[in-house]
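Close look at the chain arrangement
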Amino acid sequence: MTKAEITRTVLELPPEEQLELVDTIWENLDEAALPLHDWQRSILDERLKAEQERPEEGSSWLAAKERILQRL
């Protein structure tokens, strides 16, 4: 199946199934293989530093995701 065929097939799915597919793809991406621009790396470094300096101010992704899902 070509990329164009896959795209057409995905776009024919109901929105809920498209979101499930996006979520599956996102969760399976190898983050180490994704290139980052210098400006992106700089922002991530700043956020990591802020989190390390004040860990009590944030939430883990799992906790945040759970709060979001409870609201749906």
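Okay, so let's go over this structure. (Residues numbered from 1 in each chain as written. Predicted model: local features only at pLDDT ≥ 70, side-chain atom pairs only at ≥ 80, totals over all residues. Heavy atoms only, no water.)

1. A word on the overall build of the chain
Selection criterion: Only DSSP runs of H or I with at least four residues qualify as helices, and only runs of E with at least two residues qualify as strands; both kinds are numbered from the N terminus onward. Just to be clear, the radius of gyration here is over C-alpha atoms, and the globule rule we use is 2.2 Å times residues to the power 0.38. Accessibility here uses a 1.4 Å probe with only protein chains present; expressed as a share of the type maximum, an area under 20% marks a residue as buried, one over 50% as exposed, and anything in between as partly exposed. Only the protein chains shown count as cover for residues, with accessible areas throughout obtained via the Shrake-Rupley method and a probe of 1.4 Å. In this charge count, Lys and Arg are treated as positive and Asp and Glu as negative; neither His nor the chain ends contribute. Charge placement uses NZ in Lys and CZ in Arg. For Asp and Glu, CG and CD serve respectively.
Within the chain one finds four helices and zero strands. Starting at the N terminus and walking to the C terminus, you meet the elements of the chain as α-α-α-α. In terms of C-alpha radius of gyration, the chain reaches 17 Å, well past the compact-globule figure of 11 Å for 72 residues. Taking the principal axes of its C-alpha atoms as reference, the chain extends roughly 50 × 35 × 15 Å. Scored against the burial criterion, the 72 residues of the chain give a buried share of 1%. Working note: accessible area of the chain is about 7100 Å², and carbon and sulfur atoms make up 57% of it. For the chain, the distance from the average site of its 9 positive side-chain charges to the average site of its 17 negative ones is 5 Å.

2. Quick word on a negative patch on the surface
To be explicit about the condition: Patch membership requires over 30% relative accessible area and the absence of a salt bridge. Like charges are linked within 9 Å, and nonpolar side chains (Val, Leu, Ile, Met, Phe, Trp, Tyr) within 5 Å. Here, a salt bridge means any side-chain nitrogen of Lys or Arg that lies within 4 Å of a carboxyl oxygen of Asp or Glu.
A cluster of acidic residues, E16, E17, E20 and D23, forms a negative patch at the surface. Looking at the secondary structure, you find E17 in helix α2 (residues 15-28). A residue is classified by how much of its surface remains accessible, and E17, at 38% relative accessible area, is partly exposed.

3. Thoughts on the layout of surface pockets
As a reminder, the rule being used: Put plainly, a pocket is an open set of points on a 1 Å grid over the protein atoms alone with protein on both sides within 12 Å along at least five of seven lines, a cavity is a set where a 1.4 Å probe fits but cannot get out, and a lining residue has an atom within 4 Å of a point. Grid points are joined across faces, edges and corners, and a volume is the space filled by probe spheres set on the points.
Of the volumes computed, that of the largest pocket is approximately 500 Å³. What lines the largest pocket is a set of 14 residues, among which W26, E27, L29, E31 and L34 lie closest to the centre. Within the residue set of the lining of the largest pocket, elements represented by two or more residues are α2, α3 (38-53) and α4 (61-71). Among the elements that take part in the lining of the largest pocket, α4 stands out by supplying four residues, more than any other.

4. Points about the pattern of salt bridges
Within this structure, the stated rule accounts for three salt bridges. Across the salt bridge formed by K65 and E27, the nearest N and O atoms sit 3.7 Å from each other. On the criterion of sequence distance, the pair formed by K65 in helix α4 and E27 in helix α2 is long-range, its members being 38 residues apart. Residue E27 is classed as exposed on the basis of its relative accessible area of 52%. One continuous salt-bridge network, built from bridges that share partners, spans E53, R54 and E57.

Everything listed here is a matter of coordinates, which is why it stays silent on function.
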